[in-house]
Amino acid sequence: MKKNKQPIGGILTKSNLISEEELEYLLYQSKIIEKRIGESAVELGYISEQEMIRVLSEHTGIPIVELKYVEINKDILSLLPYKYCYANKIMPYKVYCNKLFIAMVDPLNSRLLDDIAIKLNVDIITAICGETDLLNAFDKYKDAFFCESASEVLSINVDKRPLKIKLSKAMKLLILFILLDIFFFVQWFFGFYLFKRLF
């Protein structure tokens, strides 16, 4: 399987699907609104979603998956949190021989894949899916996802010890004075009470 890590903009211009001027605008827009070039190209009508998927697959060697035809086991979806998958536009859909198969809109995000592979201790196999297909799958399987936040689930070292509250010196002194006041008040009260009983 061929691997091509060429940026999506270069892939689209090389395939004559967008012009150099359109690419320049997409690059400018991606810096302003922090949106992926491929996503903007589809939204602006430069290319259809199906063309985007086909070109990405041809140039990267990554296969296409249509999630609408895949029945996903809930145990697989529980491996990652919903918000994390939704934000990164990915969805785990199969596990086989310690390999986690993930459908993605942007299969060129190798940093994300490396992060998941390390923290879940599995090999990652990617497939390209359309954003519309992915969003429909999110609606279908939302309740099956892990419910915690991404930081809680994907954290390597989770400190489960009781929370220790750090107090400033001024706060410690204030608490000490309050406790001393309570102590002296209790002493005075019992002293006064005994005095009244005796005399």
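Below is a short write-up of the structure. Because the structure is predicted, anything quoted here is derived from the model rather than measured.

1. Remarks on a nonpolar patch on the surface
Now for step 1: A contiguous nonpolar surface patch, about 690 Å² in accessible area, is contributed by Ile175, Ile178, Leu179, Ile182, Phe185, Val186 and Trp188.
Now for step 2: Considering the arrangement of structural elements, one finds Val186 in helix H10 (residues 169-198).
Now for step 3: Relative accessible area serves as the criterion here: at 38%, Val186 is assigned to the partly exposed category.

2. Points about the nonpolar core
Now for step 1: Judged by nonpolar contacts, the single largest core of 32 residues is most densely connected at Leu67, Ile90, Met91 and Tyr93.
Now for step 2: Those elements that place two or more of their residues in this core are helix H5 (74-77), helix H6 (82-88), strand S1 (90-96), strand S2 (99-104), helix H7 (110-120), strand S3 (123-128) and helix H8 (131-141).
Now for step 3: Per-element accounting of this core gives the leading share, five residues, to S2.
Now for step 4: Judged by nonpolar contacts, the second largest core, of 16 residues, contains Leu17, Leu26, Ile53 and Ile128.

3. Topic: the sheet that holds S2
Think of a sheet as strands paired side by side through backbone hydrogen bonds, with each pair either parallel or antiparallel.
Now for step 1: Reading across the sheet, the three strands line up as S1-S2-S3 and stay open at both edges, with mixed pairing between neighbours. Every interior strand has two partners, whereas the edge strands, S1 and S3, have only one. Ignoring strand direction, the axes of neighbouring strands in this sheet form an average angle of 30°.
Now for step 2: Pairing analysis gives six bridges linking S1 to S2, with the strands arranged antiparallel. Looking at S2, one finds that Tyr96 is bridged to Lys99.

4. Considerations on helix H4 (residues 49-60)
Now for step 1: Taking 1.5 Å of rise per residue, the 12 residues of H4 would be expected to cover 16 Å, and the 16 Å separating its terminal C-alpha atoms lies within 8% of that figure.
Now for step 2: Within the span of H4, buried status applies to Met52, Ile53, Val55, Leu56, Ser57, His59 and Thr60.
Now for step 3: Packing partners of the buried residues in H4 comprise helix H1 (8-14), helix H3 (37-43) and S3.
Now for step 4: Just beyond H4, the residue with positive phi is Gly61, at close to 80°.

5. Regarding the pairing of S2
Each regular strand shows side chains that alternate between the opposite faces of the sheet.
Now for step 1: Most of S2 sits inside the fold, with five of its six residues counted as buried.
Now for step 2: What sits between the antiparallel neighbours S1 and S2 is a turn of two residues, in which Cys97 has the positive phi angle 50°.
Now for step 3: Pairing of S2 with S3 involves six bridges; the strand directions are parallel. What sits directly across from Leu100, in S3, is Ile124.

6. Some remarks on the pattern of salt bridges
Now for step 1: Across all of its chains, the model carries six salt bridges by this definition.
Now for step 2: For Lys140, the salt bridge identified is with Glu71, shortest N-O distance 3.6 Å. Here Lys140 is found in helix H8, whereas its partner Glu71 is found in the loop between H4 and H5, with 69 residues between them in sequence. Just as Lys140 is exposed, Glu71 falls in that class too.
Now for step 3: Bridged by salt links that share partners, the residues Glu39, Lys89 and Glu131 form one connected network.

7. Some remarks on the layout of surface pockets
Now for step 1: Considered as a void within the structure, the second largest pocket measures approximately 350 Å³ in volume.
Now for step 2: What lines the second largest pocket is a set of 20 residues, among which Arg36, Gly38, Glu39, Met52 and Val105 lie closest to the centre.
Now for step 3: For the lining of the second largest pocket, the elements supplying multiple residues, two or more each, are H3 and H4.
Now for step 4: For the lining of the second largest pocket, the element with the most residues is H3, which contributes five residues.
Now for step 5: For the lining of the second largest pocket, the residue count by class is 12 nonpolar, two polar and six charged.

Rules used throughout
Residues numbered from 1 in each chain as written. Predicted model: local features only at pLDDT ≥ 70, side-chain atom pairs only at ≥ 80, totals over all residues. Heavy atoms only, no water. Patch = residues over 30% accessible without salt bridge, like charges linked within 9 Å, V, L, I, M, F, W, Y side chains within 5 Å. Areas by Shrake-Rupley, 256 points an atom, 1.4 Å probe, with all protein chains shown as cover. Salt bridge = Lys/Arg side-chain N within 4 Å of Asp/Glu carboxyl O. Helix = DSSP H or I, 4+ residues; strand = E, 2+ residues; numbered from the N terminus. Buried < 20%, exposed > 50% of the residue type's maximum accessible area, 1.4 Å probe, protein only. Core = buried A, V, L, I, M, F, W, Y, C linked by side-chain atoms within 4.5 Å. Pairing = 2+ DSSP bridges. Axes fitted to C-alpha atoms, helices over the stretch in contact; angles between N-to-C directions. Expected span 1.5 Å × (residues − 1). Contact = heavy atoms within 4.5 Å. 1 Å grid on protein atoms, 1.4 Å probe; cavity = no way out; pocket = protein on both sides within 12 Å on 5 of 7 lines; lining within 4 Å. Points joined across faces, edges and corners; volume = space filled by probe spheres on them. Nonpolar A, V, L, I, M, F, W, Y, C, P; charged D, E, K, R; others polar.

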